[in-house]
Amino acid sequence: MSGASTKLPTMATLDFSVTPNPNPVSDAKRAEILSNPGFGDYFTDHMVTIQYTEGQGWHDAAVVPYGPLSMDPASMVFHYGQAIFEGIKAYRHPDGSVATFRPGANAERFQRSAERLAMAQLPVELFEESLKQLLAVDEKWVPAAGSEASLYLRPFMIAREVGLGISASDTYTYLLIASPAGNYFASNKTVSVWLGQEYVRAAPGGTGAAKCAGNYAASLVADAEARANGCDQIVWLDAVDREHIEEMGGMNLFFVYGNSDDASDITLVTPSLSGSLLPGITRDSLLQVAQDLGMKIEERRITWQEWRDDVAAGKMTETFACGTAAVITPVGQLKWDGGSFAINDEKPGQWTVKLRETLTGIQRGIVEDKHGWTFQLTAAK
């Protein structure tokens, strides 16, 4: 692409102007990056921006070269934290097309997060169209079909009004950036987790169900505590009793009950949504995939003592966490101040592996999508 800004046709309510990056990454350098992308270390040549102004609505949708933002120091996002985001992946399918997974669900959660933080709500169709627009110019950044890597998409929105009065902003910027990504954790290993008994992630009536920047900022001290104790992640307990399991780091947790090769003898348990848990898209998808495989599912409260005792009794055989970045990550050990226990000899369990293979197969276009979850971003080659 070269030349001045152009217009691309769009099915959304806005037209997107497109300004090509005059200095895109070379083919050779991009190939080198895609061979070992890491996570969040490199970014594609372009990004999407859409502006919102109270009284005018959404306007000035654009695909522009990836680069720094120019912002006034008194922009409200720096002082009052109105910032939300999502995480989505784009996958290369065997036919050469690029698809993503349930972006409408991410768009609806983005709206709920915006509502909780008194921010403008981006229409679902405009959210989805922004993904298409970015992939139209940066498709070469999507790793090849068959690779474990993908293109991680990060939509986010920030308050831009300038002023120090404490109120909701009347101007916002929505942005979409993309980063090629490998595995967040090693796919053939389990992680160790630390039971957080001092800090809490969220309380009833708080922002736990919103995917907002402040939740993650508040988690960093507990994450550091986990790492200081030799663990990969923190496990959060509820804010009231400090006994019921909520989440693991930024991921939802699942527990496998039963020790059988027959799915009908297996029960998959996950903490019920309480208002302080993030309603994960991967979580919701796995509940359906488990049922498709013939497993029983339960959404209920579960204490950390129950986790410990049921593993010791052989009732609970596997534990795993799930989220967009990691997909499914097996948990091999829980530690706390004064004790620890291992799950499944610190090895990935058969049902954890089966669920991961099925879900990632749907996402990558090699397992039948029975629920219409995949969303095409670019056409087959």
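All of the points below concern the structure found in this document. The structure displayed is predicted, hence computed values, not measured ones.

1. Some points on the overall build of the protein
Here is step 1 of the chain: Scanning the protein from terminus to terminus reveals eight helices and 19 strands.
Here is step 2 of the chain: A globule of 381 residues ought to have a C-alpha radius of gyration of about 21 Å, and the protein, at 21 Å, matches this closely.
Here is step 3 of the chain: Principal axes of the C-alpha set define a box for the protein whose edges measure 65 × 55 × 35 Å.
Here is step 4 of the chain: Within the protein, the proportion of its 381 residues that are buried is 54%.
Here is step 5 of the chain: Taking the contacts inside the protein whose residues are at least 6 apart along the sequence as the reference set, 71% of them involve residues at least 24 apart.
Here is step 6 of the chain: As displayed, the protein offers around 16,300 Å² of accessible surface, 49% of which is attributable to carbon and sulfur atoms.

2. Points about the packing of helix H3 (residues 103-116) against helix H4 (residues 124-138)
Here is step 1 of the chain: Following both chains from N to C, one finds H3 and H4 inclined at 125 degrees, their axes separated by 9 Å at the closest point. When the axis of H3 is compared with that of H4, the two are oblique. In the packing of H3 onto H4, the handedness of the crossing is right-handed. Residues Pro103, Gly104, Asn106, Ala107, Glu108, Phe110 and Gln111 of H3 pack against Val124, Phe127, Glu128 and Leu131 of H4.
Here is step 2 of the chain: Partitioning the contact of H3 with H4 into residue classes produces six nonpolar, three polar and two charged.

3. Topic: the packing of helix H6 (residues 281-293) against helix H8 (residues 350-363)
Here is step 1 of the chain: Packing of H6 against H8 leaves a shortest axis separation of 10 Å and a crossing angle of 110 degrees. When the axis of H6 is compared with that of H8, the two are roughly perpendicular. Along its contact with H6, which presents Thr282, Ser285, Leu286, Val289, Ala290 and Leu293, the element H8 presents Lys354, Leu355, Thr358, Leu359 and Ile362.
Here is step 2 of the chain: Residue composition of the contact of H6 with H8, grouped by class: seven nonpolar, three polar and one charged.

4. Topic: the environment of glycine 275
Here is step 1 of the chain: Within the secondary structure, glycine 275 is located in the loop between strand E14 (267-271) and H6.
Here is step 2 of the chain: Taking C-alpha positions, glycine 275 is 9.1 Å from alanine 202, a pair spaced 73 residues apart along the chain.

5. Some details on unusual backbone geometry
Here is step 1 of the chain: Unlike most non-glycine residues, arginine 242 shows phi in positive territory, near 55 degrees.
Here is step 2 of the chain: By the element assignment, arginine 242 lies in the loop between strand E11 (233-237) and strand E12 (245-248).
Here is step 3 of the chain: A relative accessible area of 34% means that arginine 242 is categorised as partly exposed.
Here is step 4 of the chain: One non-glycine residue, valine 327, lies in positive phi territory at about 65 degrees.
Here is step 5 of the chain: As for its placement among the helices and strands, valine 327 is situated in strand E17 (residues 327-336).

6. Observations concerning the side chain of threonine 100
Here is step 1 of the chain: Within the element layout of this structure, threonine 100 appears in strand E7 (residues 98-101).
Here is step 2 of the chain: At 2.7 Å, the side chain of threonine 100 and the backbone oxygen of lysine 89 are in polar contact.
Here is step 3 of the chain: Sequence-distant contacts of threonine 100, that is, excluding residues within four places in its chain, are made with Ile88, Lys89, Ala90, Leu131, Trp373, Thr374, Phe375 and Leu377.

7. Notes on the packing of aromatic side chains
Here is step 1 of the chain: If you walk through the whole model with that rule in mind, you get 14 aromatic pairs.
Here is step 2 of the chain: Ring geometry for phenylalanine 127 against tyrosine 174: centres 6.3 Å apart, planes inclined by 50 degrees, an arrangement best described as tilted. Here phenylalanine 127, found in helix H4, pairs with tyrosine 174, found in strand E9 (residues 171-181); they are 47 residues apart in sequence, far enough to count as distant.
Here is step 3 of the chain: Given the relative accessible area of 0%, tyrosine 174 is considered buried.
Here is step 4 of the chain: Chaining the aromatic ring pairs together yields one cluster made of Phe255, Trp304, Trp307, Trp336 and Phe341.
Here is step 5 of the chain: If you follow arginine 30 out to its NZ or CZ, it ends over the ring of tryptophan 141, 6.0 Å from the centre.

8. Focus on the pattern of salt bridges
Here is step 1 of the chain: The final tally for this structure, using the stated rule, is 13 salt bridges.
Here is step 2 of the chain: For arginine 30, the salt bridge goes to aspartate 27, with nearest N and O atoms at 2.7 Å. Within this pair, arginine 30 and its partner aspartate 27 are both found in helix H1 (residues 27-35), separated by three residues, close to a single helical turn.
Here is step 3 of the chain: A relative accessible area of 51% places aspartate 27 in the exposed class.
Here is step 4 of the chain: Close ionic contact of glutamate 247 with arginine 201 constitutes a salt bridge, the shortest N to O distance being 3.4 Å. With glutamate 247 in strand E12 and arginine 201 in the loop between strand E10 (191-195) and helix H5 (213-228), this residue pair connects regions lying 46 residues apart in the sequence.
Here is step 5 of the chain: You can call arginine 201 buried: its relative accessible area is 13%.
Here is step 6 of the chain: Residues joined in a network through salt bridges with shared partners are Arg92, Glu139 and Lys381.

Thresholds applied
Residues numbered from 1 in each chain as written. Predicted model: local features only at pLDDT ≥ 70, side-chain atom pairs only at ≥ 80, totals over all residues. Heavy atoms only, no water. Helix = DSSP H or I, 4+ residues; strand = E, 2+ residues; numbered from the N terminus. Rg over C-alpha atoms; globule rule 2.2 N^0.38 Å. Buried < 20%, exposed > 50% of the residue type's maximum accessible area, 1.4 Å probe, protein only. Contact = heavy atoms within 4.5 Å. Areas by Shrake-Rupley, 256 points an atom, 1.4 Å probe, with all protein chains shown as cover. Axes fitted to C-alpha atoms, helices over the stretch in contact; angles between N-to-C directions. Parallel < 35°, antiparallel > 145°, perpendicular 65-115°, else oblique. Left-handed = near helix turned anticlockwise from the far one by under 90°. Nonpolar A, V, L, I, M, F, W, Y, C, P; charged D, E, K, R; others polar. Polar contact = N/O pair within 3.5 Å; in protein donor to acceptor, adjacent residues only side chain to side chain. Phe/Tyr/Trp six-rings, centres within 6.5 Å; stacked < 30°, edge-to-face > 60°. Lys NZ or Arg CZ within 6 Å of the ring centre and 35° of its normal. Salt bridge = Lys/Arg side-chain N within 4 Å of Asp/Glu carboxyl O.

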